[in-house]
Amino acid sequence: MSRLEAKKPPLFISEPLTRHAVSQSLSLLSGILKSSYGPAGRLKQLHNGVGGCVCTTSQSSALLGHLSVSQPVLRVLTASVQNHVSHFSDCGLFTAILCCGFIENFRSLNIAPFTVIKISKHLLSLCMDHLKSEACGCRVSVDFSSVETLVCLVRSILTSKPACLLNKTEVDHLTSLVLKAFLFTVPCHVETNAVLGKCVIIPVKGRRVEDSTVLPGLLIEVPEIQLGKPLAVKRTGSNMIKLALFSVSMSGDGFNPEEGTIAVHHGVSLEVSELNQLLSVGKQLVKDEVGLVVCQKVMHPSLKQYLKENGVMAVDRAGLCLMEPLGRMTGSQPIASIHLLSPGCYGSLKDLCVESFAPKHFLHLIPEDTVICSLILCNRSETAWDELKHVCETAEQVLRLTMKEPLALLGGGCTETHLASYIRHKSSILPASTFKDLDCSQTQYQLVTEGFCHSLESVARSLSHDGEEILTDMVYGHCWFVPSGAPCVSKWSDFLVSKCGCGMNGNTEDLSWRFLRGQSGSPVIQGCPKEPSVKVSDLLTLDCFAAKCTGLQVALETANLILDLSYITEDQN
């Protein structure tokens, strides 16, 4: 008899944020995330202790998904950020770094958490009102009749992940492909409830990035196809190819023991009976003038041979991921039983051809009118391809979000520093009634405001990984980088790069400057940041408006939730 261990009482942890282990873990997580942020972010190699594949990345989804987090406080933070990324695909590192900044700055204040939460919510409302107003200087309207802003948006996403290992030529090529793929998914005929199509990414590893391309329709890998031979496919009277799509196995082993028992008469072969039924289906397909049969699972060799002899092309092992776009593209209904075949379940194609991307061969299904396309994505190594696939999917999702709300925010740290400048100005001109409504003193409000702004600026500071000094100008509130080793002088324009972080402003104007460094302390007096009159670059660095606005809200709400924690009850059994 095994020894029974007595049940342990639960562990009660009071004021978890005051514990050294929590502070240390939060600081470590913040450091990992900050060092991964931006185009110059440092890559991380993630692997477990028992071997397996090694992941080289700087993506928030991969970092937070692979990190083992034991502190309950940090689990709340990581779960919140992962949920945000699952919906928006973008701004995960921004949200996580900002949330860590809020927690670190707010907990150092000698102010009751309840008061901090009330003031920070008020500051958040000021931010959101400003971002949604026409006068916002860090907001850019996106015109879908021109690709200029869309190119900037996609390019900013592609260059944000250094693990993709892309040079300028490759970035330009992929930017045009991602935009082209997205435009394929937009319906030509606008309806009341228009639904965007889908871009299916086809992996081709070990090839140059420049070999990537976009094709309308779908590609199905067919290793056994013979190149050079014309495709003899049966067509209907209207010169279309009728298609049948099967989601059920056609291998002849259709009986599933989990579905119950089946009675078989003596002398009857279940396998032969199943094959006869498959051949009967084949005869019906030939009779209905079907030219292409696609099966999600395995197809019996005898059925494939019969269909081939009767001019019907058969493709099996198509996979689950192609079923939905294939059905939508062709208008076919997936057939879930070989015992029930309805003429209304067939779809149609305009044409078929073979595409070769060595060493792979594909059957290209070309529709009459489609919102489905295939992006053949190439990269030299598997690690770089995995990162690039995720980045392209993010770019597509950002374009979809931008179509719903045609706005973008300035990147390169400029939105964060601009918001911090705006909040400092706004908080300095608030009427006394605001402090009364929030039940706080003006000093408390200013301290929380400085912590809030410092947290925003810490995100911009995270873009520096090589010792650059970061400044913000006192006119537009944009972010500027000074190369490391530059002397401290009054005229910083001699040492600044030619434009600000987002590329909107040049350093030709006589601007006043302020360092972004150190901890939050005495309030900074600053006027309301202006909107630039003329942009100096056509290649702006832009961020997704919806993802970043929601990320700002998620970061503060999660930080406030963690600040409000008084006890943690942990089961030790």
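Here's a quick rundown of the structure. (Residues numbered from 1 in each chain as written. Predicted model: local features only at pLDDT ≥ 70, side-chain atom pairs only at ≥ 80, totals over all residues. Heavy atoms only, no water.)

With that settled, consider the packing of helix α7 (residues 168-184) against helix α11 (residues 382-404). Packed helix pairs are characterised by how far apart their axes lie and by the angle those axes make with each other. α11 packs onto α7 with a crossing angle of 50° between their chain directions and a minimal axis gap of 10 Å. In terms of their interaxial angle, α7 and α11 are classed as oblique. In the crossing of α7 with α11, the sense of the turn from one axis to the other is right-handed. Between α7 and α11, the residues in contact are L174, V178, L179 and F182 and L388, C392, A395, E396, L399, R400 and M403, respectively. Here the residues of the contact of α7 with α11 are counted per class, giving 9 nonpolar, no polar and 2 charged. (Axes fitted to C-alpha atoms, helices over the stretch in contact; angles between N-to-C directions. Helix = DSSP H or I, 4+ residues; strand = E, 2+ residues; numbered from the N terminus. Parallel < 35°, antiparallel > 145°, perpendicular 65-115°, else oblique. Left-handed = near helix turned anticlockwise from the far one by under 90°. Contact = heavy atoms within 4.5 Å. Nonpolar A, V, L, I, M, F, W, Y, C, P; charged D, E, K, R; others polar.)

With respect to the helices and strands, the residue V222 is situated in the loop between β7 (218-221) and β8 (241-246). Put simply, V222 and F362 are 140 residues apart on the chain and 5.4 Å apart in space, counted from C-alpha to C-alpha. Ignoring anything within four residues of it in the chain, the contact list for V222 reads V315, H361, F362 and L363.

Here we take up the environment of S120. Structurally, S120 is set in helix α5 (residues 113-131). Using a relative accessible area of 0% as the deciding quantity, one classes S120 as buried. Separated by 332 residues in sequence, S120 and F452 place their C-alpha atoms 7.2 Å apart. In contact with S120, other than residues within four places in its own chain, are F106, V448, F452, L556 and N560. (Buried < 20%, exposed > 50% of the residue type's maximum accessible area, 1.4 Å probe, protein only.)

Attention now moves to the packing of aromatic side chains. Under the counting rule described, the total for this entry stands at 4 aromatic pairs. Each ring, one from F102 and one from F452, has its centre 5.2 Å from the other, and the planes form 35°; the classification is tilted. A residue pair is termed long-range when its members are at least 10 positions apart, and F102 in helix α4 (residues 92-107) and F452 in helix α14 (residues 442-461) qualify at 350 residues. The exposure class assigned to F452 is buried, which follows from its relative accessible area of 0%. (Phe/Tyr/Trp six-rings, centres within 6.5 Å; stacked < 30°, edge-to-face > 60°.)

This next bit is on the sheet that holds strand β14 (residues 372-379). The strand order across the open sheet formed by 3 strands is β5-β14-β6, and the pairing between neighbours is mixed. Both edges of this open sheet fall to β5 (198-205) and β6 (213-216), since each of them pairs with a single strand only. Across the sheet, the mean angle separating the axes of adjacent strands is 20° when strand polarity is ignored. When β5 meets β14, the two strands line up parallel, connected through 8 bridges. Among the inter-strand pairings, V200 is bridged to a residue of β14, identified as S374. (Pairing = 2+ DSSP bridges.)

Attention now moves to helix α1 (residues 20-35). Between its first and last C-alpha, α1 extends 22 Å over 16 residues, near the 22 Å set by a 1.5 Å rise per residue. Of all the residues in α1, the buried ones are V22, S23, L26, L29, S30 and L33. Burial along α1 is one-sided: seen end-on, the buried residues are contained in an arc of 130°. In this structure, α1 carries H20, Q24 and L28 as exposed residues pointing more than 90 degrees from its buried face. (Expected span 1.5 Å × (residues − 1). Arc of directions from axis to C-beta.)

For the coordinates displayed, the defined rule picks out 18 salt bridges. Between D172 and R155 there is a salt bridge whose closest N-O contact spans 2.4 Å. Residue D172 is found in helix α7, and its partner R155 is found in helix α6 (residues 148-158); the two are separated by 17 residues along the sequence. What makes R155 buried here is its relative accessible area of 16%. One salt bridge connects D351 with R235, and the closest N-O pair in it is separated by 2.7 Å. Here the residue D351 occupies a position in strand β12 (residues 351-357), and R235 occupies one in the loop between β7 and β8, the gap between them amounting to 116 residues. D351 gets classed as partly exposed once you look at its relative accessible area, which sits at 29%. Judged by its relative accessible area of 30%, R235 falls in the partly exposed class. Members of the salt-bridge network, linked through shared partners, are R424, E450, E457 and R514. (Salt bridge = Lys/Arg side-chain N within 4 Å of Asp/Glu carboxyl O.)

Worth remembering: the numbers are spatial, not functional.
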